[in-house]
Structure formats: structure tokens, C-alpha cells
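# Summary of the model geometry
Chain by chain, the residues run as shown.
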Amino acid sequence: MAKSMHLLWGSGSAPCWRLMITLEEKKLQGYQQKLLSFEKMEHKSKEVLEINPRGQLPTFKHGENIINESVGACLYLENQFKSQGNKLIPDSPAEQALMYQRMMEGLSFLEKMESFAFYDFFIPEGERLDSALKRNKDNLVTELKLWESYLENVAADRYLAGGFSLADVVVFPNVAFAFAYGLSPERYPKLAKYYNLLKDRPSIKATWPPKWFQFEQRSESLKEI
């Protein structure tokens, strides 16, 4: 069944990574895939635009079904293959509610991080403002402190919403992104503990990005946060 799946993806993309982790967790290895380059603007190619008119990655097809929004694709795979691989949505209403809450908050986490880390990339030189960059930095610090509080009780058998779930699938790539770009484990010890607990999980190791985005000083961009 995985052979009827086709994924176009880019390395260093948290949305692409979360979808690939889900495919591994659901034992759907063997899907067709193609690595594209953001630097070469291949995500705007005809090949992508024919499936995803937004020109974004990931681009994902299962048979004739197209679902390009990564969180939606993760939910789709869990629902289509409930009895296969690892269960990613808990049965407990309380844990399920927490899972959905953290999963959706993970999108805000990534947005705030990218708004600061890639400010010079996203904002044309003539439109950049020190005040806007400071505001983005302050927003990110507030966000990181919030996740530190969420991870107060994280342990090897209890993650964001009980056992490993779609909340972790969405949030872990954000955390890995942050440390890849210089986030201090000393200033954010709970996030560092969470990162270290999950970085060797088989689905995560198998899909680890071969590289992150190749922007100058990228490894230093979160060093002072």
C-alpha cells in the first residue's frame, strides 16, 4: 500500500519531517519519494505545482487522494491505518484533548521560531526594522518558556500527551530545529531533555534531515535567545 504513496519533500523542513515520521510510525516504508532543493526553488517547479498550487513542501499523494498540509496528512495516515504500526492518537479523552492542543500549538511554535531565525530571509532589506526583529525575538522567548513549562514532567514513557503521539510528531521537529540553530540547552533544560529523549527514536533517526537550510550563520541564529 505504501507504493501507492508519493512524497515530494525538502530537507530541513519541519512540516516535511513530521509527515515522514508519521509514515515511519505507521510502518509505511517503501513509499515513492523525491528530495527537492529549496535553494534551487524546486518547490516552485511544475512537478510540485501540478499537485500543490501553493508551491510548498511537502506535497503528498495516496493513490488519487492529495493532502499537502502536513498536519492534515498526519491525521489522514493515522485514520487510514489505525491498526497498522504505532497508535498516534490516544484513546483517553483527556490525553486526546491535550494531544490536539499541543499539536496545534506546535504550529505557532514553529511560526515564531522562523519569524526570528529567518527574518532577514523573509523580509526584504529595505523593509527590515530593528523593532520588528526585537518583537519577534521577544515573542519567541515567551514561546520557548511556555514549552519549558509544558515539559515540566516529561519522561521516557510520558511525552507531551501521555505516550508518543501526533503531538510529538509535530513538535519534535521544531525542537530539533531550535537546537540545530544554536538554542542553548542550559537555558532551556526541559526542551533539551525532551530532545534527548526522542532523538534516537527509530522513526526520528530514520528520517533525520540530511541537512538543514543552508543560510549563512544559521547555526548561530538562536544562540542568544
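Rules of the game
- Residues numbered from 1 in each chain as written.
- Predicted model: local features only at pLDDT ≥ 70, side-chain atom pairs only at ≥ 80, totals over all residues.
- Heavy atoms only, no water.
- Helix = DSSP H or I, 4+ residues; strand = E, 2+ residues; numbered from the N terminus.
- Rg over C-alpha atoms; globule rule 2.2 N^0.38 Å.
- Buried < 20%, exposed > 50% of the residue type's maximum accessible area, 1.4 Å probe, protein only.
- Contact = heavy atoms within 4.5 Å.
- Areas by Shrake-Rupley, 256 points an atom, 1.4 Å probe, with all protein chains shown as cover.
- Pairing = 2+ DSSP bridges.
- Axes fitted to C-alpha atoms, helices over the stretch in contact; angles between N-to-C directions.
- Domains from an automatic or database assignment.
- Salt bridge = Lys/Arg side-chain N within 4 Å of Asp/Glu carboxyl O.

### Re the overall build of the protein
Each helix and strand counted, the protein has nine helices and four strands in total. Helices and strands in the protein line up, N terminus first, as β-α-β-α-β-β-α-α-α-α-α-α-α. Compactness check: the protein gives a C-alpha radius of gyration of 18 Å against a globular reference of 17 Å for 225 residues, within 12% of the reference. The principal-axis extents of the C-alpha atoms in the protein amount to approximately 50 × 45 × 25 Å. Taking all 225 residues of the protein together, the buried fraction comes to 48%. In the protein, the share of contacts with a sequence separation of at least 24, taken over all contacts with a separation of at least 6, comes to 73%. With an accessible surface of roughly 11300 Å², the protein has 50% of that area assigned to carbon and sulfur atoms.

### Focus: the sheet that holds strand β2 (residues 32-36)
Strands sit in the order β2-β1-β3-β4 across an open sheet of four strands; the sheet is mixed. Each end of this open sheet is capped by a strand with a single partner; those strands are β2 and β4 (65-66). Seen against the sheet, helix α1 (residues 14-25) touches β1 (5-10), β2 and β3 (59-62) and runs at an angle of roughly 145 degrees to β1.

### Things to note about the domain arrangement of the protein
Considered domain by domain, the protein is made up of domain 1 (2-80) and domain 2 (93-218). A C-alpha centroid distance of 21 Å is found between domain 1 and domain 2. Each side of the interface is counted separately: domain 1 has 20 residues, and domain 2 has 25 residues. Linking domain 1 to domain 2 there are one salt bridge.

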